[in-house]
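# Structural description and commentary
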Amino acid sequence: MSTPTGHDSPADDFGAVALTDPALLADPYAGYGRLRETEPVAPARNMDGSHLWIVTRHDDVRTVLDDPRFANDPLSVPGIETDKRADLLIAMGLPAEYVPYIADTVLDTDPPDHTRLRKLVSRAFTVRRVGELRPRVEQITDDLLDALPAHAEADGTVDLVEHFAYPLPITVICEMVGVPEADRPLWRRWGADLVQSQSPERMGTALVEMVDHIGAMVEQRRAEPGDDLLDALISVGDEDGDRLTGKELITLVLTLVIAGHETTANLIGNGTLALLSHPDQLALLRRDAGTAPRAVHELMRWCGPILGTRPRWATEDVTLGGKLIRRGEPVMAMIVGANRDPRRFEDPDRLDIARAYETRGEQHTGFGHGMHYCLGAALARQEGEVAFTRLFERYPELSLAVAEHELEWLPRPGLRRLIRLPVHLGR
Ligand code: HEM
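Quick look at the structure, then. Since the structure is predicted, the reported quantities are computational estimates derived from the model, not experimental observations.

## Brief notes about helix α16 (residues 292-303)
Taking 1.5 Å per residue as the helical rise, α16 with its 12 residues ought to reach 16 Å, and the 16 Å between its terminal C-alpha atoms agrees with that figure. Judged by how many residues are buried, α16 sits mostly within the fold: 10 of 12 residues are covered. Every buried residue of α16 is accounted for by Ala292, Ala295, Val296, His297, Glu298, Leu299, Met300, Arg301, Trp302 and Cys303. Lining the buried residues of α16 we find α2 (28-38), α14 (246-276), α15 (279-287) and α18 (377-394).

So this is what it looks like as structure tokens:
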């Protein structure tokens, strides 16, 4: 068997844990929780049959995400010269000239390239810019909530995933980047094709159309500057006059859509379900909207949308949790294990929105850790705060339309995503 880079794995016992095991998919908290206690660094098999290590303890997860011996770009590993992920994209039907826009993002780079990119982007994507967007996030949220009754199905139920959780983040990203109103339906369609359709053909077409569209937007903004995030990204520079290239700008905007859409949507979907199934916690939030920032931290920990990060690649032999990870082998940091680790959190399986969280350097790993820590965390948290408070203010009698055990989750390792969330809106 070979690793995702196509290199033979030396370990014989790889594949002991299948990430597609129905029991792990059905209850990742229990499944990865057991592994955390019995085999915290475990050899596993991914969806495509390739081998990887999975790491489930809080401290080990942080090591994998922050130790320079683990790289994001497999080509940073001495001896690896081809990256099979590009071939996969081409096999999905993406024209070769478009592959770098997808395969070469900030998440795929290591220092010094990552340091340079992250420094430039951080100068444009600032906490202040996110804070200034809050009134618009509230308006977009209220508009979507007002429209919910019109989406009721014949039996009176409304699917909150389709009509609230998914449209909110893509509309917010459009607002932030500065996409004109007239183009937003296009972006919503691309967003849905990219992350909801599950069809490689539609994903490929959406990517090609988006790259071309963003390229044209960049040209137009160079000619007529405004004051949105895209203008800031175009004009940002460092002391040495370094700037983002045209290709980097397109890749970045595309990355923001991909990284910020499905994740935030699933925080809203999973968090709404968690609050509905814990009425005592919902009552606390409704009594005092000031608890919303803490509640979002806790929901990120308890039912965050990312169960495991993309693989890191060992650039040398590393011993972790008593296991030898050989150079070139991929390792997946299982956030789902870290966030329920009793070594870090008291009574970790209990949802407790009053749990004490530091405002910076939060203890959960839902937004990652280290240099690749989520660039959009402040934006995602803000969207979560607004979504949960406004939803339950507007529809105080909101209730689940089916029994919780009847809800379906997308059977995909690494992700926690409800397929639908049917609710009754109440009055
Ligand atoms: C990175 C989670 C929303 C942009 C990450 C990482 C995680 C994460 C776990 C690190 C991945 C790794 O190390 O392999 C989330 C979650 C979100 C969310 C759970 C919503 C609840 C957003 C939003 C944006 C965004 C709204 C932007 C609009 C990014 C970018 C990176 C990233 C650009 C890469 C940073 C780098 O490589 O330096 N996110 N994210 N994310 N996120 Fe988010």
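## What about the site of the ligand?
What surrounds the ligand is a group of 27 residues, the closest being His114, Arg118, Arg312, His372 and Cys374. Interatomic distance of 2.7 Å between a side-chain N/O atom of His114 and an oxygen atom of the ligand. At a separation of 2.6 Å, an oxygen atom of the ligand approaches a polar side-chain atom of Arg312. Where the shell around the ligand is concerned, the elements lending two or more residues are α6 (113-124), α14 and α18. If you tally residues by element for the shell around the ligand, the top one is α14, at 6 residues. Looking at the shell around the ligand residue by residue, the class counts come to 15 nonpolar, 9 polar and 3 charged.

## Overview of the coordination of the iron atom of the ligand
Among all protein atoms, only Cys374 (SG) binds the iron atom of the ligand, sitting 2.3 Å from it. Its place among the elements puts Cys374 in the loop between α17 (335-338) and α18.

## Notes on the side chain of Asn339
Topologically, Asn339 is positioned in the loop between α17 and α18. Here Asn339 falls in the buried class, since its relative accessible area comes to 2%. Apart from the residues within four sequence positions on either side, Asn339 is in contact with Met300, Arg301, Phe345, His364, Thr365 and Gly366.

## With respect to the pattern of salt bridges
Counted by the stated rule, this structure contains 32 salt bridges. Taking the shortest distance from any N to any O, the salt bridge between Arg343 and Glu37 comes out at 2.7 Å. Taken together, the residues Arg343 in the loop between α17 and α18 and Glu37 in helix α2 connect sequence positions 306 residues apart. Judged by its relative accessible area of 46%, Arg343 is partly exposed. Residues Asp228 and Arg221 are paired through a salt bridge, measuring 3.8 Å at the closest nitrogen-oxygen approach. Arg221 sits in the buried class, given a relative accessible area of 9%. Three or more residues joined by partner-sharing salt bridges are found here, namely Arg36, Glu37, Asp341 and Arg343.

## Side note on the packing of helix α11 (residues 184-195) against α14
Helix packing geometry: the angle between the two helix axes and the distance between the axes. It is the contact of α11 with α14, at a shortest axis distance of 10 Å, that shows an interaxial angle of 65 degrees. Relative to α14, the element α11 is oriented roughly perpendicular. The two elements α11 and α14 meet at a crossing, and its hand is right-handed. Together, Trp187, Gly191, Ala192, Leu194 and Val195 of α11 and Val253, Val257, Ile258, His261 and Glu262 of α14 make up the contact between the two elements.

## Points about the sheet that holds strand β3 (residues 51-55)
Taken in spatial order, the 6 strands make up an open sheet running β1-β2-β3-β9-β6-β4, and their pairing is mixed. At either margin of the open sheet sits one strand with a lone partner, and together these are β1 (17-18) and β4 (70-71). Strand direction decides the pairing type here: β4 and strand β6 (residues 312-314), joined by 2 bridges, are antiparallel. Bridge pairing in β6 links Ala71 to Trp313.

## Focus on helix α12 (residues 200-223)
Across its 24 residues, α12 extends 35 Å between first and last C-alpha, which sits within 8% of the 34 Å expected from 1.5 Å per residue. Those residues of α12 that fall on the buried side of the exposure criterion are Gly204, Ala206, Leu207, Val208, Met210, Val211, His213, Ile214, Gly215, Met217, Val218 and Arg221. Check the buried side of α12 and you find it contacts α5 (99-103), α10 (167-177), α11, α13 (229-235) and α14.

## What to know about the sheet that holds strand β10 (residues 399-400)
Spatial ordering of the open sheet is given by β5-β11-β10, a layout of 3 strands whose pairing is antiparallel. Two strands close off the open sheet at either side, each with one partner strand: β5 (158-159) and β10. The pairing of β10 with strand β11 (residues 422-424) spans 2 bridges and is antiparallel. When the bridges of β11 are listed, Ser399 appears paired with His424.

## Describing the environment of Glu201
Locating Glu201 in the fold gives a position in helix α12. Distance from Glu201 to Gly93, taken between C-alpha atoms, is 6.6 Å for residues 108 residues apart in sequence.

## Some details on the pairing of strand β9 (residues 330-333)
On β9, burial covers both faces: Pro330 and Met332 on one face and Val331 and Ala333 on the other are all buried. Alignment of β3 against β9, held across 3 bridges, turns out to be parallel. The residue of β9 that forms the bridge with Trp53 is Val331. Pairing of β6 with β9 involves 2 bridges; the strand directions are antiparallel. When the sheet's bridge partners are listed, Trp313 is paired in β9 with Pro330.

Conventions we followed
Residues numbered from 1 in each chain as written. Predicted model: local features only at pLDDT ≥ 70, side-chain atom pairs only at ≥ 80, totals over all residues. Heavy atoms only, no water. Helix = DSSP H or I, 4+ residues; strand = E, 2+ residues; numbered from the N terminus. Expected span 1.5 Å × (residues − 1). Buried < 20%, exposed > 50% of the residue type's maximum accessible area, 1.4 Å probe, protein only. Contact = heavy atoms within 4.5 Å. Near = heavy atom within 4 Å. Polar contact = N/O pair within 3.5 Å; in protein donor to acceptor, adjacent residues only side chain to side chain. Nonpolar A, V, L, I, M, F, W, Y, C, P; charged D, E, K, R; others polar. Donors = N, O, S within 2.8 Å, 3.2 Å for Na, K, Ca; no water. Salt bridge = Lys/Arg side-chain N within 4 Å of Asp/Glu carboxyl O. Axes fitted to C-alpha atoms, helices over the stretch in contact; angles between N-to-C directions. Parallel < 35°, antiparallel > 145°, perpendicular 65-115°, else oblique. Left-handed = near helix turned anticlockwise from the far one by under 90°. Pairing = 2+ DSSP bridges.

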